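The primary structure of each chain is shown beneath.
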Amino acid sequence: MAETYRPEWTPEDADSRFACRVMTGVSDAKDGAGPGRVSASGPKALSVDDYVDGVLRGDRMILSRAITMIESNAPKHFGTGQEIVGRILPHSGRALRVGITGVPGAGKSTFIEALGCLLCGRGHRVAVLAVDPSSSVSRGSILGDKTRMEKLAREANAFIRPSPSGGTLGGVTRKSRETLLLCEAAGYDVVLVETVGVGQGETTVRSMVDFFLVIVLTGAGDDLQGIKKGVIELADAILVNKADGDNRERAMVARADYNQILHYLRPATDGWATHAYACSSVTGEGIENIWRVVLEFRDRMKMSGVFEKRRRLQALAWVDGMVDEHIRNRMARNPMVVARRKEIERRVMAEDISPTQAAKILIDTVDEAMSLKEF
Ligand SMILES: Nc1nc2c(ncn2[C@@H]2O[C@H](COP(=O)(O)OP(=O)(O)O)[C@@H](O)[C@H]2O)c(=O)[nH]1
Ligand SMILES: [Mg+2]
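So, here is what we can say about the structure in this document. No experiment lies behind these values; they were computed from the predicted model shown. The residue count restarts for each chain, going from 1 along the sequence in the order it is written. A letter from A marks each chain and a number from 1 marks each ligand, given out in the order of writing. Local features in this predicted model are restricted to residues whose pLDDT is 70 or higher, and side-chain atom pairs enter the listing and the counts only when it is 80 or higher, whereas totals over whole chains, interfaces and linings include all residues.

1. Here we look at the overall build of the protein
To keep things clear, this is the line we draw: Numbering of helices and strands runs from the N terminus; a helix is a DSSP stretch of H or I covering at least four residues, while a strand is a stretch of E covering at least two. Backbone-placed C-beta atoms define the burial measure: a residue is buried with 20 or more other C-beta atoms within 10 Å of its own, exposed with 12 or fewer, and partly exposed in between. Any pair of residues counts as being in contact when their C-beta atoms, constructed from backbone geometry, are within 7 Å of one another.
When helices and strands are counted, the protein shows 14 helices and 9 strands. In the protein, which comprises 375 residues, the proportion classed as buried is 33%. Long-range pairs, those at least 24 residues apart, make up 69% of the contacts in the protein between residues at least 6 apart in sequence.

2. Some details on the pairing of strand β6 (residues 190–195)
Rules: By the convention used here, strands pair only if DSSP detects at least 2 bridges between them.
Along β6, 6 of the 6 residues are buried, which leaves the element largely enclosed by surrounding structure. Of the two faces of β6, the one carrying Val190, Leu192 and Glu194 and the one carrying Val191, Val193 and Thr195 are both buried. Bridge count between strand β3 (residues 96–101) and β6: 5 bridges; the pairing is parallel. When the sheet's bridge partners are listed, arginine 97 is paired in β6 with valine 191. By the bridge criterion, 6 bridges tie strand β4 (residues 126–131) to β6 in an arrangement that is parallel. Counted as the bridge partner of valine 128 is leucine 192 from β6.

3. Some words on the packing of helix α2 (residues 60–71) against helix α3 (residues 75–88)
Formally: Each axis is a line fitted through C-alpha atoms, and for a helix only the stretch in contact is used; angles between axes span 0 to 180 degrees, taken between their N-to-C directions. Small angles under 35 degrees read as roughly parallel and large ones over 145 as roughly antiparallel, with 65 to 115 read as roughly perpendicular and the rest as oblique. Rotating anticlockwise by less than a right angle from the far helix to the near helix defines a left-handed crossing, while the corresponding clockwise rotation defines a right-handed one.
The interhelical angle for the contact between α2 and α3, taken along N-to-C directions, is 125°, at an axis separation of 8 Å. In terms of their interaxial angle, α2 and α3 are classed as oblique. α3 is crossed by α2, and the crossing has left-handed handedness. In this structure, α2 contributes Ala66, Met69 and Ile70 to the contact, and α3 contributes His77, Thr80, Gly81, Ile84 and Val85.

4. Here we look at the sheet that holds β3
Spatially, the 7 strands line up as an open sheet ordered β5-β4-β6-β3-β7-β8-β9, and their pairing is parallel. Where the open sheet ends on each side, the last strands, each with one partner, are β5 (158–161) and β9 (275–278). On average, each strand axis in the sheet is tilted by 20° relative to the strand beside it, whichever way the strands run. Both strand β7 (residues 211–216) and strand β8 (residues 237–240) contribute to a ladder of 4 bridges, which runs parallel. Counted as the bridge partner of valine 216 is valine 240 from β8. Sheet contacts for helix α7 (residues 169–185): β3, β4, β5 and β6; angle to β4, the most-contacted strand, approximately 175°.

5. A word on the site of ligand 1
Where we set the bar: All residues are tested the same way: a C-beta atom is placed from the backbone, and lying within 6 Å of a molecule or strand makes the residue near it. Polarity classes work like this: nonpolar for Ala, Val, Leu, Ile, Met, Phe, Trp, Tyr, Cys and Pro, charged for Asp, Glu, Lys and Arg, and polar for all others, with Gly in that last group.
The environment of ligand 1 is formed by 16 residues, the closest being Gly107, Lys108, Ser109, Thr110 and Ser281. Taken together, the residues of the shell around ligand 1 break down into 3 nonpolar, 8 polar and 5 charged.

6. Examining the pairing of β4
In terms of burial, β4 is a largely internal element, 6 of the 6 residues being buried. Taken together, the 4 bridges between β4 and β5 define a ladder with parallel strand orientation. What sits directly across from alanine 127, in β5, is phenylalanine 159.

7. A few points about the nonpolar core
We count it as follows: As used throughout, a nonpolar core is a set of buried Ala, Val, Leu, Ile, Met, Phe, Trp, Tyr and Cys residues joined through C-beta atoms within 7 Å of each other. An automatic or database domain assignment provides the domain bounds reported here.
Residues Val55, Ala66, Leu182, Val191, Val193, Leu213 and Leu239 are the most contacted members of the largest nonpolar core, which totals 70 residues. Each of domain 1 (4–30 + 39–88) and domain 2 (92–304) gives at least three residues to this core. Ignoring any residue separated from it by four or fewer positions in sequence, one finds alanine 66 in contact with Tyr51, Val55, Ile84 and Leu182.

8. Considering the packing of α7 against helix α12 (residues 306–333)
Where α7 meets α12, the axes come as close as 9 Å, and the angle between the chain directions of the two elements is 135°. The angle between α7 and α12 places the two elements in the oblique class. Remark: the crossing between α7 and α12 carries left-handed chirality. For the pair α7 and α12, contact is made by Gly170, Gly171, Thr173, Arg174 and Arg177 and by Trp318, Gly321, Met322, Asp324, Glu325 and Arg328, respectively. Here the residues of the contact of α7 with α12 are counted per class, giving 2 nonpolar, 4 polar and 5 charged.

As structure tokens, then:
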């Protein structure tokens, strides 16, 4: 019974002497973990078949564990994760995918809760995902404030999943995309993807959703400066939130201002004119209307073929992303490349060689490793 396993947080370069090994415990229902909860000794290992069947059945516990597998940075989980994704892929693609961005405090989580509850009430199954490529640096997780979605979290037809933490931008992007596909295979027909309006979040999310919504605020005078023009250009709709109480009038003014600006911008989606709308995520006013806009977008873009074409292009970007990530991981793990990289770092810092020379040396090392099939 001396079975051990290598925990996910074991450093990637740790060899067999790495001290930390975890004993596989004994599952015991009497440990107080309660039904449906993972006991302290850890969950029972599942086969790929178990994962696939569980996800397709809509089993939330298994869906969560499959996502954890996909998010794992441990090389041995990667293969299993990819196998699961490959198997569920034919069952994915059926949800309407909506990305939501906005500066912190704009009301994204509150809006998602209001919209999510509305949609659950209409019989939809709603998955909420978060993408935060900056979290590895800032350690701030946007759905860490899950409490803000208390009502939605209680809905049997809602599934809420925070952002995968750590890893490269490419890694976070792939993991989020694959999580989205798993949710679809599990029967969620609306996927809402939240991202913070900082860093690479918006472009990442734009690359995996059908409709992209930018939530904005009215504020003291600087209404329109607060938001990057580049983000507005990605939007299929601008939503001025917090249009309630004293703020209602100002929200209407901001909406009109945004509409004026949008008039001069190239729309994000061919054949669709991006407009600004107002809502209150607290009173619920305007929430139904924005959903109507999303549905109209879906119907019209499906009719014109733009919807399908965007999805194909996104699939292609996914392929490129996976290859990039794979190559990066290989580089990070290859002993030859790692050793050379350390040496280069020293020499560049000492201005002993130029960045161009340094890059050439490293590239040659990668080429050499590849030809030795060590890569
Ligand atoms: N009055 C009002 N407050 C709101 C509205 N939406 C969000 N808020 C508040 O704004 C704050 C930030 O909201 P949150 O959803 O966490 O923003 P996020 O950072 O974009 O996710 C919270 O205190 C919310 O209660 C709204 O429509 N009206
Ligand atoms: Mg939030």
